[in-house]
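Chain by chain, the residues:
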Amino acid sequence: MNKVKQSWRTQTRAPLTSRMVLSRCGVVLVDKDEKQDNRLSCFSTRDGAQAWQTSLDGLGLQVDGVMSIGADAETVYVAQEFSVAAYAADTGAKRWATDVKNPTFNVEDFTGAPPPVITGDQILLSSRHARVVSLDRRTGALLWRSEDMTRAASVLVRGDVVIALANEENDARAYDLASGKERWRHAFSGPFQISERLWSSLALSEPVANILHVMDANKALVALESTTGKVLWAEPIVGLASFTVANSTLLVADSASVRALDPHKGGARWRKPTGGHTLLAPLDGTSALLHLPRATALVDVASGRITEQARNTLIEQDRVLAARDGMAVISVSGGAKLFALSGDRLIEAKLAEPLPRPGEPSQHGVLHAVLAADHAYTFSTSREITAFSVSR
């Protein structure tokens, strides 16, 4: 019995200029209209029909670049160039739009920024001219901006602290969430790893109170106290590394081993050899997906028991595209596969081929994926959105 089935497929007009997000109406993204102008579109998760579309004309959104997009239950937020706008999730109606001013460069520049962080009454963005910009999510009014001019690669919130990591400076800087006042800086020993593993680990891992776990170049995984920036502990790493948190346990995998650490103290609870490139993805509180050099496996969080589930070859460029609710979409040798936890086994389904298959262009090159409630939604290089249902 096939436990992963395609539910629907729909074509878009052009390559996406944003990632996909899920909102109350469905799958939301930025594509293009008949005139090749950017528009915000929502597709129903039920059948792929277009629920609504909204022109983005007049917001300075006329270039092909990655837009910063995020959503909560009620609103979709879009930022690019100097503008930020909010749209009703159910209808696409514009709620507010603002040109964000900058005292030095006249306006901010959000082109290619990481996704916005939505917390409380704030939207946190990163600009080319300010590492963190905070807006009122209800009105778009500027609340504060950090006094530095390096774009963040990742923005995270830990309690009342905003932490931004920047590739240009190879450091982390922390700001007071309410005022934007800088609290501390931490310089790393070298550049961040040239891999998506760090950024997906940060985005997908369950946060640990008052601690930021982050890779220090190619040397170690470090735990920083979020209120002070103090280094609490460091765990040496070998090669490319990824991590996730499950059931108050920090799992770390690199080219030498996978191990379970105390997230607060750093002590190893168990350690198992891996023998090459690895990749971790969160599943639930008892197990995680561990991709070994030539196999996809489940690793038990408590004991470290590794159970191989399928034979797949992992390459250095592979990454976790999405993970939540016991499911993960992972690029495997240039293609993409969906893995879903079902009891003590993994369901596996191929979503894309490493090379184009004649007659099935949509099966090549999954660029984006989002997951929710036993469903997966992907966007491919052939400009198609495809929905899959998972029976567990």
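Keep in mind that this is a model prediction, so the values were computed, not measured.

Caption draft 1: Broad picture of the overall build of the protein. When helices and strands are counted, the protein shows one helix and 37 strands. The C-alpha radius of gyration of the protein comes to 21 Å, within 12% of the 21 Å expected for a compact globule of 392 residues. Counting only C-alpha atoms, the protein reaches 55 × 55 × 30 Å along its principal axes. For the protein, the proportion of its 392 residues judged to be buried stands at 59%. Sequence-distant contacts, at least 24 apart, represent 42% of the contacts inside the protein between residues at least 6 apart. On the protein, roughly 16000 Å² of surface is accessible, and the fraction owed to carbon and sulfur atoms is 49%. Charged side chains in the protein number 43 positive and 43 negative. The centres of these two groups are separated by 4 Å.

Caption draft 2: Spotlight on helix H1 (residues 197–204). Within H1, six of the eight residues are buried, which leaves the element mostly enclosed by the surrounding structure. Looking only at H1, the buried set comprises Arg197, Leu198, Trp199, Ser200, Ser201 and Leu202. Against the buried residues of H1 lie strand E16 (154–158), strand E17 (161–166), strand E20 (211–216), strand E23 (242–246), strand E27 (279–282) and strand E31 (320–324).

Caption draft 3: Local environment of the sheet that holds strand E12 (residues 117–119). Ordered in space as E12-E13-E14-E15, the four strands form an open sheet in which the pairing is antiparallel. Either end of the sheet is taken by a strand with one partner, and the two such strands are E12 and strand E15 (142–145). Pairs of neighbouring strands in the sheet enclose a mean axial angle of 25°, with direction left out of account. Note that strand E14 (residues 130–136) and E15 share three bridges and pair antiparallel. The residue bridging Val133 from the neighbouring strand is Arg145, located in E15.

Caption draft 4: Examining the pattern of salt bridges more closely. Applying the stated rule across the entire model yields 24 salt bridges. The residue Arg259 makes a salt bridge to Asp254 at a minimum N-O spacing of 2.9 Å. Of the two residues, Arg259 and Asp254, both sit in the buried class. A salt bridge links Glu308 to Arg311, with the shortest nitrogen-to-oxygen separation between them at 3.0 Å. Exposure remark for Glu308: the relative accessible area of 45% places this residue in the partly exposed category.

Calculation rules
Sequence order sets the numbering: in each chain, residues are counted from 1 along the sequence as written. With the structure being a predicted model, the display of local features is reserved for residues of pLDDT at least 70 and the display and counting of side-chain atom pairs for 80 or more, all residues being used for whole-chain, interface and lining totals. For the side-chain quantities, the full set of heavy atoms in the structure was used; hydrogens and water were omitted. Strands are runs of DSSP state E lasting at least two residues, helices are runs of H or I lasting at least four, and both sets are numbered from the N terminus onward. Our radius of gyration looks at C-alpha atoms and nothing else; its globule reference is 2.2 Å times the residue count to the power 0.38. Each residue is placed in one exposure class: buried if its accessible area under a 1.4 Å probe, protein chains only, is under 20% of its type's maximum, exposed if it is over 50%, and partly exposed if it falls in between. The contact rule is simple, with two residues in contact once any of their heavy atoms fall within 4.5 Å. What sets the accessible areas is the Shrake-Rupley method with a 1.4 Å probe; for residues, cover comes only from the shown protein chains. Counted as positive: Lys and Arg. Counted as negative: Asp and Glu. His and the chain ends are not counted at all. A single reference atom marks each charge: NZ on Lys, CZ on Arg, CG on Asp, CD on Glu. We treat two strands as partners when DSSP finds at least two bridges between them. To obtain an axis, a line is fitted to C-alpha atoms, over the contacting stretch when the element is a helix, and the angle between two such axes runs from 0 to 180 degrees between their N-to-C directions. Salt bridges, as used here, are contacts in which a Lys or Arg side-chain nitrogen is within 4 Å of a carboxyl oxygen on Asp or Glu.

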